[in-house]
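Results of the structural survey
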Amino acid sequence: MLTEAPWERTRIANGSVMDVVSDLKASGEGDILVNSSASLIKSLLSADMIDRPYLLICLEIAGGGARLFEDGLPGTTWRVAHQETGERGKIALVYDRVR
C-alpha cells in the first residue's frame, strides 16, 4: 500500500473517491488531475464530478477491453476546447463540460 507521496503537490487519499474529490474541489486550490485510472474516472463521471476530460485516442485493433463510457451514465453536454492530431494518427481531445 502506498503510504508516502514523494511527488510535489501530491497527497495520498484514503477514503471514498467522491469525498476526497469534493474536499479537494472545496479547497479551490487548482485543478484535480486523474491519470490512467479508468475505474476512478468512471466513478467520477457517474457522480457528474468531471469538468474537463483530456482524451488521447490511439487506434489499435486488439480486441475487447474495458469501456470508459458505460451505459447508464447521466446525460451530459460537452464542447471541444482543443484538438490536435499527431503524425501517426493519434488524436488528442480536450472537452469542457457545458453546465
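Read on for an overview of the structure. (Residues numbered from 1 in each chain as written. Predicted model: local features only at pLDDT ≥ 70, side-chain atom pairs only at ≥ 80, totals over all residues. Heavy atoms only, no water.)

1. Quick word on the overall build of the protein
Here is the rule we go by: Numbered from the N terminus, helices here are DSSP runs of H or I no shorter than four residues, and strands are runs of E no shorter than two. By definition, residues are in contact when any of their heavy atoms lie within 4.5 Å. Surface exposure here means Shrake-Rupley accessible area, sampled with a 1.4 Å probe, where a residue is shielded only by the protein chains that are shown. Positive charges come from Lys and Arg alone, negative charges from Asp and Glu alone, with His and the N- and C-terminal ends not counted. For this purpose, a charge sits on NZ of Lys, CZ of Arg, CG of Asp or CD of Glu.
Helix and strand content of the protein: two helices and three strands. Secondary structure of the protein in N-to-C order comes out as α-α-β-β-β. By principal-axis analysis of the C-alpha atoms, the protein measures approximately 40 × 35 × 25 Å. The contacts in the protein between residues at least 6 apart in sequence include a share of 54% that link residues at least 24 apart. Within the structure as shown, the protein displays about 8,200 Å² of accessible surface, and the carbon and sulfur contribution to it stands at 50%. The distance from the centre of the 11 positive side-chain charges to the centre of the 14 negative ones in the protein is 4 Å.

2. Concerning the side chain of Asp96
As a reminder of what qualifies: Residue exposure (1.4 Å probe, protein chains only): buried if accessible area is under 20% of the type maximum, exposed if over 50%, otherwise partly exposed. Residues adjacent in sequence count toward polar contacts only when both atoms are side-chain atoms; beyond that, a polar contact is any pair of N or O atoms within 3.5 Å, and within protein one must be able to donate a hydrogen and the other to accept it.
Of note, Asp96 is situated in strand β3 (residues 91-98). The exposure class of Asp96 is buried, given its relative accessible area of 15%. Of note is the side chain of Asp96, whose polar atom sits 2.5 Å from the side chain of Arg52. Sequence-distant contacts of Asp96, defined by excluding residues within four places in its chain, comprise Asp51, Arg52, Thr77, Trp78, Arg79 and Ala81.

3. Quick notes on helix α2 (residues 38-46)
We apply this condition: Relevant arc is that of directions from the helix axis to the C-beta atoms, nothing else.
Turning to α2, its buried residues number three or more, namely Ile41, Leu44 and Leu45. The buried residues of α2 occupy an angular sector of 100 degrees when projected down its axis, which confines them to one face. Structurally, α2 contributes buried residues whose contacts are with α1 (17-27) and β2 (77-85). Residue Asp48 follows α2 closely and has a positive phi angle near 55 degrees.

4. Topic: the side chain of Arg97
Considering the arrangement of structural elements, one finds Arg97 in strand β3. Here Asp48 takes part through its side chain, which lies 2.7 Å from a polar atom of the side chain of Arg97. Dropping the residues within four chain positions of it, Arg97 is found in contact with Asp48, Ile50, Asp51, Thr76, Thr77 and Trp78.

5. What to know about the environment of Leu59
You can see Leu59 is positioned in the loop between β1 (54-57) and β2. Since its relative accessible area comes to 78%, Leu59 is described here as exposed.

6. Describing the pattern of salt bridges
What counts, and what does not: Whenever Lys or Arg places a side-chain nitrogen within 4 Å of a carboxyl oxygen from Asp or Glu, that contact is recorded as a salt bridge.
Per the stated rule, a full pass over the model turns up six salt bridges. For Arg79, the salt bridge is made with Asp96, and the minimal N-O distance between the two is 3.1 Å. Taken together, the residues span a long stretch of sequence, with Arg79 in strand β2 and Asp96 in strand β3 at a distance of 17 residues. Salt bridges linked by common partners bring Lys25, Asp48, Asp51, Arg97 and Arg99 together as one network.

Worth remembering: the numbers are spatial, not functional.
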